[in-house]
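Letter by letter, the chains look like this.
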Amino acid sequence: MTDEHPRGRRRGVGLRTLLACAAAAFCTLAASLPAAATTGAPSTAPPPRRLALPSPTGPHPVGEVSLHLVDTARPDPWQQGPLHRELMVSVFYPAAHTAGRPQAPYMLPAAAAHFDRVTADDYLQLGLPTGQADWAGVATHVALGAPAAPGRRGRLPVVLYSPGLGEPRTWGTTLVTDLASRGYAVVTVDHTYESPEVQFPDGSLATMVPPGDPDAFIRKSLSVRVADIRFVLDRLRLLDDGHDTDADGQRLPKGLPGALDLSRVGMFGHSMGGSAAALAMDADHRITAGIDMDGNLTYVDGSPMPVARHGLDRPFLLLGKDGETDTGPGWQAFRAHTPGWTRQLTLRDSGHASTTDAEALLPQLHLSPSVQAAALGTLGPVTAVRTSEAYVAAYFDHWLRGGSGRLLEGPSPRYPAMEFVD
């Protein structure tokens, strides 16, 4: 049994208000999804379903290591007192081999229990009865601690991933694993106390703070995320130099130190994580290419974020869902003010969650068509996953590896679901 992190707090009264605002301003899952009925008879409930993520498409098997990072130079902005900022991150990378290595868990036990009990319905509003899915047991196709394989040039380009509001860092594992299988080191970040649940190595759990005023919470969250990303980049430099970066002495996989090419860094994120990618690029020129997947570039009060007012001088891709969305004003302003390369794509017939693991996992739970369509749209799951993987990989291949970028030039008959927005 695990305890809640001593500095954590349970969700507050204002969380549903925040998510309702975020549904409009940051395109989180629709607040109108119906809640699932509970039977009150756990003895007759079926066992939780064992779910699986899609196999990655690249030539490499994938390894993963999770790290506990402590920023001793920064008090935690969400907590009172002199507590240092603590993060959990995962590094995914191409593995030399995976024989004898256990499967990396999708979620740790305490985090999985909180996701099932709180996050899935109260935050992501998926309409799932508790106990329906075995979130800790999702098959990941990732080997824990496997030795790293060298990159094409001897070193691996690095890509950072920031999740959406109310999403754990694991909710982007499908795209992250696919990139790693193609020869990238991908680092996923949980933003503690804004993330729904973060389990630390001692078993303690930190949960989201009460949000209070939605606009103030979003502004603070994005500012904290940018600081988190900059700190993680600093630590990756130390890791690559062979220094011990883990607060608990976690040993790094063989071959990972010295394998990172931190002159080639990208970032992408979903929803508010996409907003964070744009703001982090604006703040830190170490990030040379980014993707915003359906995240707004305006605040809750409708005012544009600074990056929307002056744009970016480096390449940035906007990848949105189909149908009605509130990203329009911020994205239009960003494109109008960006002197660098930019494109806007729409995944036809998709929903807000189509670029997260929801696209692969929810169909395995046999939800009602209306509930599934509200989260994912009507595009087939295989098409949605493979199309997103192809364009994310093509983008980073072009800007971090010097690939042709042909897929980014216009519509492709191989991927008819992807629409280019003028």
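Structural data are supplied above this passage.
Residues numbered from 1 in each chain as written. Predicted model: local features only at pLDDT ≥ 70, side-chain atom pairs only at ≥ 80, totals over all residues. Heavy atoms only, no water.

Undergrad: Hey, could you go over helix 7 (residues 328–337) for me, with residue numbers and the actual values?
TA: Looking at helix 7, one finds that the buried residues are Gly330, Trp331, Ala333 and Phe334. The buried residues of helix 7 occupy an angular sector of 165° when projected down its axis, which confines them to one face. In helix 7, the exposed positions angled more than 90 degrees off the buried face are occupied by Pro329, Gln332 and Ala336. Of the surrounding elements, those touching the buried residues of helix 7 are strand 9 (289–293), helix 6 (306–310), strand 10 (316–320) and strand 11 (342–347). (Buried < 20%, exposed > 50% of the residue type's maximum accessible area, 1.4 Å probe, protein only. Helix = DSSP H or I, 4+ residues; strand = E, 2+ residues; numbered from the N terminus. Arc of directions from axis to C-beta. Contact = heavy atoms within 4.5 Å.)

Undergrad: Explain the packing of aromatic side chains to me, using residue names and the numbers behind them.
TA: This model, assessed by the stated rule, comprises 12 aromatic pairs. Ring centres of Trp135 and Trp171 lie 6.0 Å apart, and the angle between their planes is 65°; on these two criteria the pair is classed as edge-to-face. Separated by 36 residues along the polypeptide, Trp135 in the loop between helix 2 (109–123) and strand 3 (143–144) and Trp171 in the loop between strand 4 (156–162) and helix 3 (173–181) bring together distant segments of the chain. Of the two residues examined, Trp135 and Trp171, each falls in the buried class. A connected cluster of aromatic rings, assembled from ring pairs, spans Tyr161, Phe268, Trp341, Tyr395, Phe396 and Trp399. Looking at Arg401, its charged tip hangs above the ring of Tyr184, at a distance of 4.3 Å from the centre. (Phe/Tyr/Trp six-rings, centres within 6.5 Å; stacked < 30°, edge-to-face > 60°. Lys NZ or Arg CZ within 6 Å of the ring centre and 35° of its normal.)

Undergrad: I'd love a proper account of the side chain of Asp284, names of residues and values included.
TA: Along the chain, the position of Asp284 falls in the loop between helix 5 (272–283) and strand 9. Residue class for Asp284 comes out buried when judged on its relative accessible area of 4%. A polar contact is formed between the side chain of Asp284 and the side chain of Arg230, at a distance of 3.3 Å. If sequence neighbours within four positions are ignored, Asp284 has contacts with Arg230, Leu233 and Arg314. (Polar contact = N/O pair within 3.5 Å; in protein donor to acceptor, adjacent residues only side chain to side chain.)

Undergrad: I'd like a rundown of helix 10 (residues 381–401), residues and numbers included.
TA: Here helix 10 is 21 residues long and its end C-alpha atoms lie 29 Å apart, about the 30 Å a rise of 1.5 Å per residue gives. Phi for Gly402, located one or two positions after helix 10, is positive at around 75°. (Expected span 1.5 Å × (residues − 1).)

Undergrad: Can you lay out the sheet that holds strand 1 (residues 62–75) for me, pointing to particular residues and giving the numbers?
TA: Within a beta sheet, neighbouring strands are joined by backbone hydrogen bonds and run either parallel or antiparallel to one another. Taking strand neighbours across the sheet as the criterion, the 10 strands line up as 3-1-2-5-4-8-9-10-11-12 in an open arrangement whose pairing is mixed. If you trace the sheet from one side to the other, it starts and ends with strand 3 and strand 12 (418–421), each paired once. Strand direction decides the pairing type here: strand 10 and strand 11, joined by five bridges, are parallel. Within the sheet, the bridge partner assigned to Leu319 lies in strand 11 and is Leu345. Strand contacts of helix 10: strand 4, strand 8 (260–270), strand 9, strand 10, strand 11 and strand 12, with the helix running at about 160° to strand 9, the strand carrying the most contacts. (Pairing = 2+ DSSP bridges. Axes fitted to C-alpha atoms, helices over the stretch in contact; angles between N-to-C directions.)

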